[in-house]
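A closer look at the structure
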Amino acid sequence: MAISSASSSSMQDMFKQRKYPFILSFFLLLVFVTFLLISNSQKSPIFVAIDFAQRTSQSKLIPDFNPNNTSSTSTPPLHQSHSENEKIPLINNSTVNPESNVPLNNFTIDTESSNVPLNNNFTIKPDQSDRIINDELETFSYDWKLCPGPLAVDYIPCLDNWKAIKKIRSRRHMEHRERHCPVPSPRCLIPLPVGYKLPVSWPKSRDMIWYDNVPHPKLVEYKKDQNWVKKSGNYFVFPGGGTQFKDGVNHYIKFIEEDEHEAQIQFALERGIPATLSVIATKKLAFSDNAFDMIHCARCRVHWHADGGKPLMELNRILRPGGYFIWSATPVYKKDEGHKTVWKVMVNLTEAMCWKMVARTYFKRARVGLVIYQKPDSSSCYENRKENNPPMCEQKHRLNSSWYTPLDSCLLPLPTSSYEWPAPWPQRLNTKPLSLSLETDAEEIFNEDTRHWAALVSDVYLGGLGINWSTVRNVMDMNAGYGGFATALIDRPLWVMNVVPISGPDTLPIIFDRGLIGTYHDWCESFNAYPRTFDLLHSIFLFGNLSQRCDLVDVAVEMDRVLRPGGYLLVQDTIQMIKQLGSILRSLHWSVTLHQEQFLVVKKDFWRPKDTARE
């Protein structure tokens, strides 16, 4: 670097006058400014976390997936609209509370340090953080009580609303199995089963679980001849695949390649296997269009041809173009008149829907009959039908969201040319999703989101927040966005249920394009899950918007219901929202810890109130 003669002369004068303190101060200032410049250009994952998450949670991230759309124009998000000229920056150098526009952080955090800074003036040891945040929380007082009744241990508010179910005039279409949420939401706490213990850890839980955690002896009696589940001492054990899979599930799957018991869902979740509760009745399933590569139904006892074939058309809606439906049921192979009639109706319906029968066979050894259908991947078959029945859906008047939406009696439009299938697994995790917006910066935002979560999870979540990840198997991301959090955890022995709130941008199509699983939900209502289902709940900037629509106390009660004792809640939000939520959770006897003034880590205890609410 060149120095001018005038500058050189000035420097000599300084030395002559022995102005060493000034020179030293000037040098240190220069180093400090340089450090700040470098810090701003290479932000730590913690700064990026709050900046990027707040921006992307409010951006127009997602498009309405339309396989017929071949133009460069994009459609607005399904759940949340924005002005056409609105531009959302990827990262902002200051972290701002969207309600007050006041920076939340103006200090540097050393992610490798063992100290946890709680404000600008001092640092403390990690074991002090819980005490400090509790001192800062407001006092929240509530007279908590247990939910009443002998079935309260398995209570699912929106599915077990017996008062509403009794008022339903007809059960012809399984209306009684759909969501009927109580108003107001119940604020009682779910009691623990007698003898409840911490779940058996994965992968041992695949083969055995504690009997006391899921006490369903009637199901064992019902399935005693199927070799599906047995009681052995203090455990339920799962020796085989049952009568449907006499030689094991792997043998059944190989066979396919060559050619209403709700409690079972609770068993699956206790075993650490992904599962969710849903029913095809009169409303759409809470999934996006064209979501699943394959749908399998073995003795699911759904009348697919009922009501003009609406249940089967719902499968057509959520099945990806070119995707497969595997149906294993008695009408496939039994020859009595009743079964033959059902089969004939299914043949006529699937042909009218342009589904191709790939295979129909009977596996004599296992006494299993199955048929494999494939959904078309282009519109050519629809155009050549003699009758437009079922009709094609009119996109102009069709509701995009599937949340509390009646079943369609029409078929989704398909691409005019061959449909592009997602990349093979696991490349599809990080490949540009088919349903990503066509806007020029959409792919850049998607890639930045992936990098952001990879850095945050590896540098902060897995080592710096005091979570024992070895106990975590079932995870729920309550505000999943693109599914970046789940993607960053893909190599760990756990699974993530990605929840897309209906009040935000509709990113669920992208989540399925990436090969992940997810669902829509309104967090002002109860989730379709059994109590004590998840080991970890994750939420990023969800509660600010949510608190404008419902009471956080009700949301806290629901989180307490679905989280297992010993499980964790990990929240990133504004300080104001963290303190409000933390106060409520502390009243539930959860341990509350704040990390880096933005990550709230809460651990649920075994505490339950002594009193029971009145029925």
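Residues numbered from 1 in each chain as written. Predicted model: local features only at pLDDT ≥ 70, side-chain atom pairs only at ≥ 80, totals over all residues. Heavy atoms only, no water.

A few words now on the overall build of the protein. When you go through the protein residue by residue, the secondary structure sums to 17 helices and 16 strands. Looking at the protein as a whole, 49% of its 615 residues are labelled buried. Of the accessible surface of the protein, which amounts to about 30,800 Å², a share of 52% is contributed by carbon and sulfur atoms. (Helix = DSSP H or I, 4+ residues; strand = E, 2+ residues; numbered from the N terminus. Buried < 20%, exposed > 50% of the residue type's maximum accessible area, 1.4 Å probe, protein only. Areas by Shrake-Rupley, 256 points an atom, 1.4 Å probe, with all protein chains shown as cover.)

It is worth spelling out the sheet that holds strand E16 (residues 599-603) at this point. Spatial strand order, E12-E11-E10-E13-E14-E16-E15: 7 strands in an open sheet with mixed pairing. Across the chains shown, the open sheet's two edge strands, defined by having one partner strand only, are strand E12 (518-521) and strand E15 (591-595). Put simply, the sheet's adjacent strands are angled 20° from each other on average, direction ignored. Both E15 and E16 contribute to a ladder of 5 bridges, which runs antiparallel. Within E16, the residue paired with His595 across the bridge is Phe599. Packed onto the sheet, helix H16 (residues 552-562) meets strand E13 (534-540) and strand E14 (563-572) and runs at close to 135° relative to E14. Running at roughly 5° to E16, helix H17 (residues 575-587) makes contact with E14, E15 and E16 of the sheet. (Pairing = 2+ DSSP bridges. Axes fitted to C-alpha atoms, helices over the stretch in contact; angles between N-to-C directions. Contact = heavy atoms within 4.5 Å.)

So, on to the packing of helix H9 (residues 306-318) against helix H10 (residues 337-352). Running from amino to carboxyl end, H9 crosses H10 at an angle of 60°, the nearest separation of the two axes being 11 Å. Compared by their axis directions, H9 and H10 come out oblique. Where H9 crosses over H10, the two elements pack in a sense that is right-handed. Side by side, H9 and H10 meet where Gly308, Gly309 and Leu312 of the first sit next to Met346, Leu349 and Thr350 of the second. The class makeup of the residues in the contact of H9 with H10 is 3 nonpolar, 3 polar and no charged. (Parallel < 35°, antiparallel > 145°, perpendicular 65-115°, else oblique. Left-handed = near helix turned anticlockwise from the far one by under 90°. Nonpolar A, V, L, I, M, F, W, Y, C, P; charged D, E, K, R; others polar.)

The next point concerns the state of the cysteines. Overall, the coordinates contain 5 disulfides when judged by the stated rule. Note that Cys158 is cross-linked by a disulfide to Cys181, the S-S spacing being 1.9 Å. Its S-S torsion of approximately 110° makes the covalent link between Cys158 and Cys181 right-handed. Here Cys158, found in the loop between helix H4 (126-136) and helix H5 (162-166), pairs with Cys181, found in the loop between H5 and strand E3 (208-210); they are 23 residues apart in sequence, far enough to count as distant. Of the residues examined, Cys158 reaches a relative accessible area of 2% and is grouped as buried. Here Cys354 is linked by a disulfide to Cys381, with a sulfur-sulfur distance of 2.1 Å. (Disulfide = S-S within 2.5 Å.)

Residues Asn474 and Met476 point to one face of strand E10 (residues 474-477) and Val475 and Asp477 to the other, with burial holding for every one of them. For E10 and strand E11 (residues 495-501), the ladder comprises 4 bridges, and the chain directions are parallel. Bridged to Val475 within E11 is Val496. For E10 and E13, the ladder comprises 3 bridges, and the chain directions are parallel. Of the residues in E13, the one forming a bridge with Met476 is Leu537.

Here we take up the pattern of salt bridges. For the structure shown, the criterion picks out 21 salt bridges. For Arg317, the salt bridge goes to Glu314, with nearest N and O atoms at 2.8 Å. Remark: Glu314 and Arg317 occur in helix H9; sequence separation between them is 3 residues, near one turn of the helix. Judged on exposure class, the residue Arg317 and its partner Glu314 are both buried. Within this structure, Asp293, Arg320, Arg428 and Asp513 form a network of salt bridges that share partners. (Salt bridge = Lys/Arg side-chain N within 4 Å of Asp/Glu carboxyl O.)

Here we take up H10. Compared with the 22 Å implied by 1.5 Å per residue over 16 residues, the 23 Å span of H10 between its first and last C-alpha is a close match. Among the structural elements, H9, strand E7 (319-328), strand E8 (356-363) and strand E9 (368-374) are those in contact with the buried residues of H10. Just downstream of H10, Cys354 is the residue with a positive phi angle, here 70°. (Expected span 1.5 Å × (residues − 1).)

Now for unusual backbone geometry. The amide bond that connects Trp202 to the next residue, Pro203, takes the cis arrangement and shows omega of 5°. Within the secondary structure, Pro203 is located in the loop between H5 and E3. With an omega of 0°, the peptide bond between Asn389 and Pro390 qualifies as cis. Among the secondary structure elements, Pro390 is positioned in the loop between helix H11 (380-383) and helix H12 (442-464). Phi at His589 is positive, roughly 70°, even though this residue is not glycine. Inspection of the secondary structure puts His589 in the loop between H17 and E15. For His589, a relative accessible area of 42% puts it in the partly exposed group.

The next thing to look at is the packing of aromatic side chains. A complete count under the given rule lists 22 aromatic pairs for this structure. Their ring planes at 90° and their centres at 6.3 Å tell us that Phe287 and Phe512 sit as a pair that is edge-to-face. In this pair, Phe287 is assigned in the loop between helix H8 (263-270) and strand E6 (292-298) and Phe512 in helix H14 (residues 508-513), connecting sequence segments 225 residues apart. Side by side, Phe287 and Phe512 carry an identical accessibility label, which is buried. With a centroid separation of 5.9 Å and 65° between ring planes, the pair formed by Trp453 and Phe485 is classed as edge-to-face. With Trp453 in helix H12 and Phe485 in helix H13 (residues 484-488), this residue pair connects regions lying 32 residues apart in the sequence. Against the face of Trp202 rests Arg206, its NZ or CZ located 5.2 Å from the ring centre. Looking at Lys231, its charged tip hangs above the ring of Tyr211, at a distance of 4.6 Å from the centre. (Phe/Tyr/Trp six-rings, centres within 6.5 Å; stacked < 30°, edge-to-face > 60°. Lys NZ or Arg CZ within 6 Å of the ring centre and 35° of its normal.)

Next up on the list: the pairing of E8. Pairing geometry for E8 and E9, over 7 bridges, is antiparallel. Along E9, the bridge assignment pairs Phe363 with Val368. In sequence, E8 turns back onto E9 through a hairpin of 4 residues, with Arg367 there showing a positive phi of about 50°.

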